[in-house]
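# Examining the three-dimensional arrangement
Next come the chains, spelled out residue by residue.
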Amino acid sequence: MNWIDTHTHTYDPEEGQESAAELVKKALDAGVFKQIMGGVDLHSVEPIMELCRAFPDTVYPTIGLHPTEVRADYIPVLDILYKNLADAGQKENKDPHYVAVGEIGIDLYHDKTFFKEQQDAFRTQLRWAKELHLPVVLHVRNAFEEAWHILKDEQDGTLKGVFHCYSGSVEQSERVLDLGFLFGIGGVLTFKNAGLPEVVKNVPLSSIVLETDAPWLSPDPYRGRPNDSSTIPIIGHKLAQILGITPQQAALATTANACKLFGI
């Protein structure tokens, strides 16, 4: 079976993990034939591109300013990120093209100091995605209503993307569907007492993609250890069990959904 990890930070392994290249190979051996790297700031641009160059047609880049990385100097940072994004799309540039703008969004879990700046950065990057016909990868934590209002305002029928590491309610998932967005489902699906199984039962399989968010959120039975993309089949098998389908059906559907969304 072929699986896709639609959100990983393999380019930045935890201390004690294998190298980024070894982790990609480990995932390939597990049947995870494509990985999408989650960009978070200026410092993640080159490590992501380096890994993408080493594994063409296997590893794909995204670029964006993570909401927790938004600071007072966010405007010049966005300018540099946008230049990288636009330059990668030029025909003469041999680097891989970015497959999404992300991860972007609003995060009010730890700190609300730069909430207004987060909102502006979010809206700016959504407009990049529309301009360049790219999907977005959304990071939304303790801020569903705040993010949803901006998304609803910016949705003109062309905006598409995925709620990375979806953690909302069943009711909120209906609003995600109304926006035309997909759900990134990861290791939390395997946790005891998680509400995520109820969500996946209530959304179409055509709206689900799988992710690890490695090196975080390892699925059971590896919870508490550094994660990597080779655990995607564990998440996929759990999804199949919850939905009453075969793992093969889960792999085929989630892979097709990812390929369609990211154009890979």
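No experiment lies behind these values; they were computed from the predicted model shown. (Residues numbered from 1 in each chain as written. Predicted model: local features only at pLDDT ≥ 70, side-chain atom pairs only at ≥ 80, totals over all residues. Heavy atoms only, no water.)

## What to know about the packing of aromatic side chains
The geometry of an aromatic ring pair is captured by the separation of the ring centres together with the interplanar angle, meaning the angle of the planes. In total, this model carries 5 aromatic pairs according to the counting rule given. Taking 6.0 Å as the distance between ring centres and 35° as the angle between the ring planes, the aromatic pair formed by Phe 144 and Phe 163 counts as tilted. Of this pair, Phe 144 sits in helix H5 (residues 144-154) while Phe 163 is found in strand E6 (residues 161-163), placing the two residues 19 residues apart along the sequence. For the pair shown, Phe 144 and Phe 163 are each scored as buried. Lying across the ring of Tyr 109, Arg 141 places its NZ or CZ 3.6 Å from the centre. The aromatic ring of Trp 148 is capped on one face by Arg 175, whose charged end is 4.7 Å from the ring centroid. (Phe/Tyr/Trp six-rings, centres within 6.5 Å; stacked < 30°, edge-to-face > 60°. Helix = DSSP H or I, 4+ residues; strand = E, 2+ residues; numbered from the N terminus. Buried < 20%, exposed > 50% of the residue type's maximum accessible area, 1.4 Å probe, protein only. Lys NZ or Arg CZ within 6 Å of the ring centre and 35° of its normal.)

## Comments concerning unusual backbone geometry
Most peptide bonds adopt trans geometry, and most residues besides glycine take a negative phi value. Cis geometry marks the peptide bond from Gly 102 to Glu 103, where omega comes out at 10°. Examined against the element boundaries, Glu 103 turns out to sit in strand E4 (residues 100-107). In this structure, Pro 221 follows Asp 220 across a cis peptide bond, with omega equal to 10°. Even without being a glycine, Asn 142 presents a positive backbone phi close to 55°. Turning to its location among the elements, Asn 142 is positioned in the loop between strand E5 (136-141) and H5. Phi angles above zero are rare outside glycine, and Asp 213 is one such case at about 60°. Within the secondary structure, Asp 213 sits in the loop between strand E8 (208-210) and helix H8 (232-243). Of the residues examined, Asp 213 reaches a relative accessible area of 10% and is grouped as buried.

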